[in-house]
Amino acid sequence: MFVTIKVVAETEASIQVLVLAASILAFIIMILGFCFIVNKEFVVIKKYIRRLNKTKNADDIDIEYNIKNKFRFIKDAEMLINSRLDDKYALVHYDLNKFTIVNNIVGYKVGDEIIQLIGETLRKNLKNEIIGKADGDNFFVLFEFMNIEELIERTCFVSDKIESMSIWSKVSINPVIKTGICLIDNGELDIRTAIDRANFAKQSLDDSYKSCYAIYDNKIGISLIETKRIENEMNKALERNEFKVYLQPKVDLKTGEISGAEALVRWEHPELGLLSPDKFISIFEKNGFIVKLDMYVFEQVCKNLRKWIDLGYDVVPISVNLSRIHFLNSNFISDYNKIKKKYLIGNNLIEMEITESVVFSNENENEVFKVMRKIRDVGFEISMDDFGSGYSCLGLLKEMPIDTLKLDRMFLKNIEEYKSQIIVSNIVDMAKHLNLNVISEGVETEMQVDFLRDIGCDMAQGFVFAKPEPVETYEKLINKGKTNYYQAAI
Ligand code: C2E
Ligand code: CA
Ligand code: CA
């Protein structure tokens, strides 16, 4: 009896052990199966992306750079997103900042080589992403990501790799990569919209000399809406005379008297109030409207000069800003000349301020010089605006057909420091030896005025004397006779 019970108990125990072992085995098989499926799927995605990246259809590849063109990139990105709608994607736009200037410094051949190397760097470091090339030095990458931190890390890893390409030290350039990111969740966003938004995010980055990124968000979206509003209203605003010319006096540093003025435009918006140029000029430069606006400002200046001459006021030259966009088509000179003649404005009463970037960021400075000579031939003076703000090449100064050098306010930043003083005084000295007038802008303190006068700078313009004022206020000033700022303002 006892033996029977023992046998039964032993049998039950071994059955339990067997069941346990079978369960563990089943569990292990399940885990292995799961891993196999996940891995297989991962391999399938990887293969899928690699296959997409290997498309060799000549029409789809930017042959020179061996990267998909925008058209193919969009198609493949759409295909991938639609095949896995639950995943998160990001459209990343990489742009080498100021590539025209890079081209200008190193020449087109090396410029092309640099773009090729960027393409290679992307291919080498992004095996599982779709890569595409847009215009010029712009590249797109479609990243699949888990969370933002990890996405940013991977995005910046790529820009770091581009920045550390060995070519940069050979051509002595510090590369700056601007990156715009647009997130695509649940495939809800059309890829073309994502491309636009990544581009907007990139454009929202300021003009710093450091590589940086921006992710498209509502704020950027709002500024996009503001841009659209400005574009919708600009033509009506011009018809309704909402653009106003403000004038800021320039002061002769020897006599303290007004020796000129700069016309600076403002928009008196009926709902948004007084808008400064930084709210609209860059938008107008992108859509071309600046050509009309500059002409309008110029005509207002001519009209006022005529009026003041007729009234017997003591007029001094007025400068107008000429956007770089005019240099795309030099026909504007004859239009300006017609207006000048219409108001019987004598030669050298109007000066064109051309920012230095027009010359130095242009592929062909000789073409720019040709246009500048034509401007002078019809009786306008030329001032090189923002000189020293980042583009200038001193060697070109001797060939440049200009009358005045306008030093950027950046030069005054640390002017109390000895080294800064040495730089500014030598630039003024050099300009004087080249027979150029020199004016310093953004002058805000008496100390700066004294320093500039002592080193022989001819003129100064800045808040220390006067802010840009409406035409009527300036008119009162010149009506009084030449204001002496040494007695009046400081
Ligand atoms: P800009 O040609 O370099 O003009 C000088 C800017 O410096 C003006 O800004 C002026 O108000 C400001 N400014 C003058 N004195 C001082 C000072 O002491 N300190 C500081 N911090 N700033 C001073 P504003 O009027 O806002 O114009 C900004 C830019 O917009 C101008 O820079 C010019 O590039 C552009 N702009 C203005 N009006 C026109 C225009 O009619 N046509 C074109 N194409 N561009 C224009
Ligand atoms: Ca200016
Ligand atoms: Ca300036």
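Structure first, text after, so check above.
Residues numbered from 1 in each chain as written. Chains lettered and ligands numbered in written order. Predicted model: local features only at pLDDT ≥ 70, side-chain atom pairs only at ≥ 80, totals over all residues. Heavy atoms only, no water.

Caption draft 1: Structural detail: the overall build of the protein chain. Across its full length, the protein chain carries 17 helices and 17 strands. Burial analysis of the protein chain (490 residues in total) assigns 45% to the buried set. Of the contacts formed within the protein chain by residues at least 6 apart in sequence, a portion of 70% connects residues at least 24 apart. In the form shown here, the protein chain has an accessible surface area of approximately 25900 Å², with 55% of it arising from carbon and sulfur atoms. (Helix = DSSP H or I, 4+ residues; strand = E, 2+ residues; numbered from the N terminus. Buried < 20%, exposed > 50% of the residue type's maximum accessible area, 1.4 Å probe, protein only. Contact = heavy atoms within 4.5 Å. Areas by Shrake-Rupley, 256 points an atom, 1.4 Å probe, with all protein chains shown as cover.)

Caption draft 2: Layout of helix 8 (residues 218-239). With 22 residues, helix 8 extends 32 Å from end C-alpha to end C-alpha; this agrees with the ideal 32 Å at 1.5 Å per step. The sharpest bend along helix 8 reaches about 45 degrees and sits at Glu233. Buried positions along helix 8 lie against helix 7 (191-203), strand 7 (212-215), strand 8 (243-252), strand 9 (258-269), helix 9 (281-287) and helix 10 (290-310). Just past helix 8, the residue Asn241 takes up positive phi, approximately 55 degrees. (Expected span 1.5 Å × (residues − 1). Bend = angle between axes of the 7 residues up to and from the residue.)

Caption draft 3: The arrangement of the side chain of His93 in detail. Within the fold, His93 resides in strand 3 (residues 88-96). Given a relative accessible area of 5%, His93 falls into the buried group. Reaching out from His93, the side chain makes a polar contact with the side chain of Asn138 at a distance of 2.7 Å. In this view, His93 contacts Asn138, Phe139, Phe140, Lys178, Thr179, Gly180, Ala198, Asn199 and Lys202; residues no more than four positions away in its chain are not counted. (Polar contact = N/O pair within 3.5 Å; in protein donor to acceptor, adjacent residues only side chain to side chain.)

Caption draft 4: The arrangement of the nonpolar core in detail. In this structure, Phe243, Phe284, Leu293, Ile350, Met372 and Ile375 are the most contacted members of the largest nonpolar core, which totals 87 residues. If you tally residues by element for this core, the top one is helix 10, at 10 residues. Once residues lying within four places of it in the same chain are set aside, the contact partners of Phe243 are Met234, Ala237, Leu238, Val265, Arg266, Trp267, Phe280, Phe284, Phe289, Leu293 and Tyr296. Within the second largest apolar cluster, 28 residues are counted, among which are Val106, Ile118, Phe143 and Ile177. (Core = buried A, V, L, I, M, F, W, Y, C linked by side-chain atoms within 4.5 Å.)

Caption draft 5: Seen up close, the pattern of salt bridges. Across all of its chains, the model carries 26 salt bridges by this definition. Residues Arg154 and Glu129 are paired through a salt bridge, measuring 2.8 Å at the closest nitrogen-oxygen approach. One end of the pair, Arg154, is in helix 5 (residues 148-163); the other, Glu129, is in the loop between helix 4 (108-125) and strand 4 (130-133), with 25 residues separating them in the sequence. Look at Arg154 and you get partly exposed, because its relative accessible area is 23%. For Glu129, a relative accessible area of 8% puts it in the buried group. What you see here is one network of salt bridges that share partners, running through Lys250, Glu262, Glu351, Glu353, Lys406 and Glu441. (Salt bridge = Lys/Arg side-chain N within 4 Å of Asp/Glu carboxyl O.)

Caption draft 6: How the structure looks around the coordination of the calcium ion (ligand 2). Coordination of the calcium ion (ligand 2) by the protein comes from Glu262 (OE), Asn321 (OD1), Glu353 (OE) and Asp385 (OD), over a distance range of 2.2 to 2.4 Å. Donor residues for the calcium ion (ligand 2) sit on one chain with the sequence pattern E-x58-N-x31-E-x31-D. The distance between the calcium ion (ligand 2) and the calcium ion (ligand 3) is 3.9 Å, with Asp385 acting as a donor to both metals. Taken together, the residues Glu262 in strand 9 and Asn321 in strand 11 (residues 318-322) connect sequence positions 59 residues apart. (Donors = N, O, S within 2.8 Å, 3.2 Å for Na, K, Ca; no water.)

Caption draft 7: Structural view of the pairing of strand 15 (residues 437-441). When you tally the buried positions in strand 15, you get four out of five residues, the bulk of the element. Bridging between strand 14 (residues 404-407) and strand 15 involves four bridges; their strand directions are parallel. Pairing of Lys406 across the sheet is with Ile439, part of strand 15. Traced from strand 14 through helix 14 (residues 418-433) to strand 15, the parallel crossover comes out right-handed. One crossover worth recording links strand 15 to the parallel strand 16 (residues 459-461) by way of helix 15 (residues 446-454), and it is right-handed. (Pairing = 2+ DSSP bridges. Right-handed = clockwise from strand over helix to strand, strands pointing away.)

Caption draft 8: Quick look at the site of ligand 1. Taken together, 22 residues form the shell around ligand 1, and within it Arg266, Asp294, Arg409, Glu444 and Phe463 come nearest. Arg266 places a polar side-chain atom, nitrogen or oxygen, 2.8 Å from an oxygen atom of ligand 1. Contact distances for ligand 1 include 2.5 Å between an oxygen atom and a side-chain N or O atom of Arg409. Burial of ligand 1 by the protein amounts to 81% of the accessible area it has alone, namely 800 Å². When residues of the shell around ligand 1 are traced back to their parent elements, those giving at least two are strand 9, helix 10 and strand 13 (381-387). When residues in the shell around ligand 1 are grouped by element, the largest group, four residues, is from strand 9. (Near = heavy atom within 4 Å.)

Caption draft 9: Examining the side chain of Asp95 more closely. Turning to its location among the elements, Asp95 is positioned in strand 3. Residue Asp95 is classed as buried on the basis of its relative accessible area of 12%. Within polar-contact distance, the side chain of Asp95 engages the side chain of Lys202 at 2.7 Å. When sequence neighbours within four positions are dropped, the list of residues in contact with Asp95 reads Asp137, Asn138, Val176, Ile177, Lys178 and Lys202.

Caption draft 10: The arrangement of helix 3 (residues 99-106) in detail. Within the sequence span of helix 3, burial applies to Phe99, Ile101, Val102, Asn103 and Val106. The first or second residue beyond helix 3 is Gly107, which carries a positive phi of 90 degrees.

Caption draft 11: Inspection of the packing of aromatic side chains at higher detail. A complete count under the given rule lists 15 aromatic pairs for this structure. With 5.6 Å between their ring centres and 85 degrees between their planes, Phe298 and Phe380 make a pair best called edge-to-face. Of this pair, Phe298 sits in helix 10 while Phe380 sits in the loop between helix 13 (365-377) and strand 13, and the two are 82 residues apart along the sequence. The pair formed by Phe298 and Phe380 is uniform in burial state, with each residue classed as buried. Seen in terms of ring centroids, Trp308 and Tyr474 are 5.6 Å apart; in terms of plane orientation they differ by 50 degrees. Their pairing is tilted. Of the two residues, Trp308 is situated in helix 10 and Tyr474 in helix 16 (residues 471-479); the sequence distance between them amounts to 166 residues. You'll find Trp308 and Tyr474 in the same group, each marked buried. (Phe/Tyr/Trp six-rings, centres within 6.5 Å; stacked < 30°, edge-to-face > 60°.)

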